[in-house]
Number of protein chains: 2
Amino acid sequence: MSLDSFHAVIPAGGAGTRLWPLSRASRPKFLLDLDGSGRSLLQQTWDRLLDLIPAERIHVVTGVAHAAAIKEQLPDLTGLFIEPSPRDSMPAIGLAAAVIGAGDPEAVIGSFAADHIIDDQIAFAEAIEQAVAAAGRGLISTIGITPTGPSTAFGYIESGELLGIDGATSARAVTRFVEKPDAATALAYVADGNHSWNGGMFVTRTDTLLGHLARLQPGLHDGLMRIADAWAGDDRQTVLDEVWPTLTRIAIDHAIAEPVSLEGGIAVVPGAFAWDDIGDFAALQDVGAASSPSTVWVDADGLAIAEDGTTIAVVGLHDVVVVRTADAVLVTTREHAQRVKEVPATLRDRGRDDLV
Amino acid sequence: MSLDSFHAVIPAGGAGTRLWPLSRASRPKFLLDLDGSGRSLLQQTWDRLLDLIPAERIHVVTGVAHAAAIKEQLPDLTGLFIEPSPRDSMPAIGLAAAVIGAGDPEAVIGSFAADHIIDDQIAFAEAIEQAVAAAGRGLISTIGITPTGPSTAFGYIESGELLGIDGATSARAVTRFVEKPDAATALAYVADGNHSWNGGMFVTRTDTLLGHLARLQPGLHDGLMRIADAWAGDDRQTVLDEVWPTLTRIAIDHAIAEPVSLEGGIAVVPGAFAWDDIGDFAALQDVGAASSPSTVWVDADGLAIAEDGTTIAVVGLHDVVVVRTADAVLVTTREHAQRVKEVPATLRDRGRDDLV
């Protein structure tokens with residue numbers, strides 16, 4: 001299957017509040033080199049896609065606040081969509097679909113979060129090729145990541161019958177998307193072999209996506225088409241500023257993926273690669289983030305990151321997480337890593353937006 | 001009992017390694033305002049003694065490294081003894097005793113650590129008066145602090161019969177000094193009413209102390225007398241530099257207090273005041289040190305101090321201790337507070353003397 005008309009769309013938003021104080025509203029997770037690779041998560045996403053398609057077909061959708069930083073991190077990026085305000089993932093991906101589809105009606109787009117880690121490029125490329133093949137049949141494809149354990153941190157995709165698609169021999173129908181499960185349910189999911197992790201990757205022809213949108217979210221569809229019609233003209237910004245604030249705030253999962261899965265319109269292809277959304281500091285440690293070398297551990301272990309190069313010492317605590325930035329220190333444990341998001345929430349309540 | 005010939009000697013040494021990173025070799029515990037009172041522990045010790053005797057009779061013994069900082073903190077100090085190198089408490093107190101005794105053979109000296117906290121000035125003064133009265137009889141007096149609980153962090157003084165001394169009606173003979181006990185022993189000590197905490201305060205006529213020293217540590221005694229003889233002359237520094245490095249390194253507890261107690265030469269008078277040596281961060285919290293007001297606690301509690309005014313956030317940890325300075329972070333728990341001293345030891349091993 002050819003990727004000649006395949007475009008990638010990277011919605012780059014979300015602060016990553018569970019990675020505070022590394023991740024901030026002004027310096028979100030996707031702009032950070034969290035795994036010490038020398039490339040930010042966004043740059044790694046870009047690199048992964050650039051291995052498959054030319055830079056001209058990789059698009060980023062982001063807010064005004066991060067446009068400059070993204071341009072700096074991705075100097076070869078030509079397709080930057082700047083949202084006047086955050087309206088969640090459906091308007092972001094829908095805008096890209098409408099604009100790309102106007103230029104190339106045969107185009108297939110794939111959306112890829114800016115802040116995920118994928119380890120096996122060959123397996124990633126294989127999954128994309130199958131997903132694009134299934135999308136050619138008018139399905140919306142998603143990539144179901146092969147679970148490495150009964151994680152309760154991710155949503156799951158339940159798969160049904162094999163669809164028998166040329167070039168997508170592993171594609172199955174999605175019977176439903178399920179939210180983050182409890183531990184017992186996760187264990188059952190992994191055991192039955194019919195569930196994979198939902199990495200939020202969707203691959204679809206633009207006409208397929210826009211068709212579903214016209215039916216399921218007609219107001220949103222019409223707004224996006226108005227913007228797309230004006231995109232090439234002089235009044236792009238005027239129309240964008242006028243229409244954008246009226247668009248429904250909704251995630252693509254709720255707007256399209258879940259309802260269409262119930263109609264049999266979603267295919268899942270296996271993604272047999274290491275993947276993580278680095279949702280919290282426990283996940284960051286799991287993907288191999290190392291403690292600062294100057295850390296002193298006395299009867300202690302965990303993850304200790306001193307962003308400013310100072311020395312962290314831990315005495316008598318295990319599975320601890322300590323993060324120091326120029327203006328803050330976080331101390332927690334792997335077990336409580338998900339609750340870190342309560343810290344920026346508390347700081348915001350106290351009027352300390354400078355720390356959020 | 002008059003305090004007219006009473007002199008106070010404050011040995012100001014010891015880094016306080018269990019209070020790292022607040023306390024450093026270059027900025028030891030006694031120079032710090034640890035309880036937020038606005039006065040360092042040394043200044044509080046000075047204030048407490050100045051309430052009893054004039055500044056001219058309050059002496060400080062310290063090393064070269066801290067002389068300037070001490071002069072700055074105590075502008076009215078006239079009696080500063082500067083040791084060429086640290087030789088533990090017996091040479092420090094012995095030097096002061098020899099020099100003061102040369103000027104005033106009737107003088108009684110009391111030694112008081114520079115880094116302890118005492119809360120009740122009236123009870124402190126009462127204890128000093130009784131100790132000085134007993135010292136007038138040729139005894140070495142110590143103040144036995146009334147325990148507020150079965151602490152395992154302090155040494156204990158076992159007391160025997162009442163000595164029946166005028167002006168020191170509560171003075172008893174010390175039968176022995178005991179090291180920090182285990183929990184069961186501490187409980188028994190507190191229950192029997194014959195044990196008090198050893199705050200390391202000794203009150204003695206200079207001739208009494210020097211007499212014991214001549215007998216028990218003759219080499220040390222002779223060295224100190226040589227220095228004292230030269231003290232008022234032009235060759236003070238020459239003799240000090242020559243003799244000091246030859247003096248036995250020993251604590252007054254081992255050199256004098258323990259052996260003399262076995263001979264019946266030590267009296268203990270009760271100190272019915274709140275006292276603490278702030279030996280670690282648990283003790284610091286117990287004496288009322290407050291967390292930085294900007295701290296964010298999420299299902300967490302303990303002591304969090306950001307010396308540089310930044311924000312500390314703790315999620316899901318209880319009885320935790322977090323201390324941030326410009327160059328370091330310490331994370332531990334109350335339970336492990338005594339082991340903090342292993343951190344500067346490790347840093348020294350790594351050649352990071354800049355952090356110690």
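If you're wondering where the values come from, they're calculated on a predicted model, not measured in any experiment.

A count of helical and extended segments in chain A gives 11 helices and 16 strands. At 21 Å, chain A has a C-alpha radius of gyration in line with the 21 Å of a compact globule built from 356 residues. C-alpha extents for chain A along the principal axes are approximately 60 × 50 × 35 Å. Residues counted as buried form 48% of the 356 residues belonging to chain A.

Turning next to the domain arrangement of chain A. Residue and element names in this part refer to chain A. Assigned domains within chain A: domain 1 (6-279) and domain 2 (290-355). Domain 1 puts six residues into the contact, and the matching count from domain 2 is 12 residues. Of the residues that constitute the side of domain 1 that touches domain 2, the class distribution is three nonpolar, two polar and one charged.

Here we take up unusual backbone geometry. All names here are of chain A. In this model, Trp20 is joined to Pro21 through a cis peptide bond whose omega is 10°. Residue placement: Pro21 occurs in the loop between strand S1 (6-12) and helix H1 (41-50). Here the phi dihedral of Asp299 falls at roughly 50°; this positive angle occurs in a residue that is not glycine. Since 13 C-beta atoms lie within 10 Å of it, Asp299 is described here as partly exposed. Here the phi dihedral of Asp319 falls at roughly 55°; this positive angle occurs in a residue that is not glycine. Relative to the assigned elements, Asp319 resides in the loop between strand S14 (311-315) and strand S15 (320-324).

Here Val340 of chain B lies in the loop between strand S16 (328-333) and helix H11 (342-349). For the pair Val340 of chain B and Arg249 of chain B, spaced 91 residues apart in the sequence, the C-alpha separation amounts to 25 Å. Discounting chain neighbours no more than four positions away, the residues touching Val340 of chain B are Val315 of chain A together with Arg18, Trp20, Asp280, Phe281, Leu330 and Thr332 of chain B.

The subject of this paragraph is the interface of chain B and chain A. If you look at the interface, chain B gives 30 residues, while chain A gives 30 residues. Only strand S12 (296-298), strand S14 (311-315), strand S15 (320-324), S16 and H11 of chain B provide two or more residues apiece to the side of chain B that touches chain A. Broken down by class, the residue content of the side of chain B that touches chain A amounts to 17 nonpolar, seven polar and six charged. In terms of strand pairing, strand S16 (residues 328-333) of chain A meets S14 of chain B through four bridges, oriented parallel. Counterpart to Val331 of chain A in the pairing with S14 of chain B is Val314 of chain B.

Let us now look at the relation of the copies chain B and chain A. For these two chains of identical sequence, chain B goes onto chain A by a turn of 179° and a shift of 0.0 Å along the axis, with RMSD 0.1 Å. One copy is carried onto the other by what is essentially a two-fold rotation axis. Counting the interface residues of chain B, we find that 100% of their copies in chain A are interface residues as well, pointing to one common contact surface.

About the thresholds
Numbering of residues starts from 1 in every chain and runs along the sequence as written. The naming scheme follows written order: chains are lettered A onward, ligands numbered 1 onward. Selection of residues for local features in this predicted model requires a pLDDT of at least 70, selection of side-chain atom pairs for listing and counting requires 80 or more, and totals for whole chains, interfaces and linings are taken over all residues. Here a strand is any run of E in DSSP of at least two residues, a helix any run of H or I of at least four, and the numbering for each starts at the N terminus. For this measure, only C-alpha atoms enter the radius of gyration; the expected value for a globule follows 2.2 Å times N^0.38, where N is the number of residues. Exposure is read from a count of other C-beta atoms within 10 Å of each residue's own; the residue is exposed at 12 or fewer, buried at 20 or more and partly exposed in between. C-beta atoms are placed from the backbone. What fixes the domain bounds is an automatic or database domain assignment. We call two residues in contact when their backbone-placed C-beta atoms lie within 7 Å. Residues are grouped as follows: Ala, Val, Leu, Ile, Met, Phe, Trp, Tyr, Cys and Pro are nonpolar; Asp, Glu, Lys and Arg are charged; all remaining types, including Gly, are polar. Between any two strands, at least two bridges found by DSSP are needed for them to pair. For this overlay, a least-squares fit was computed on C-alpha atoms, restricted to residues scoring pLDDT of at least 70 in both copies.

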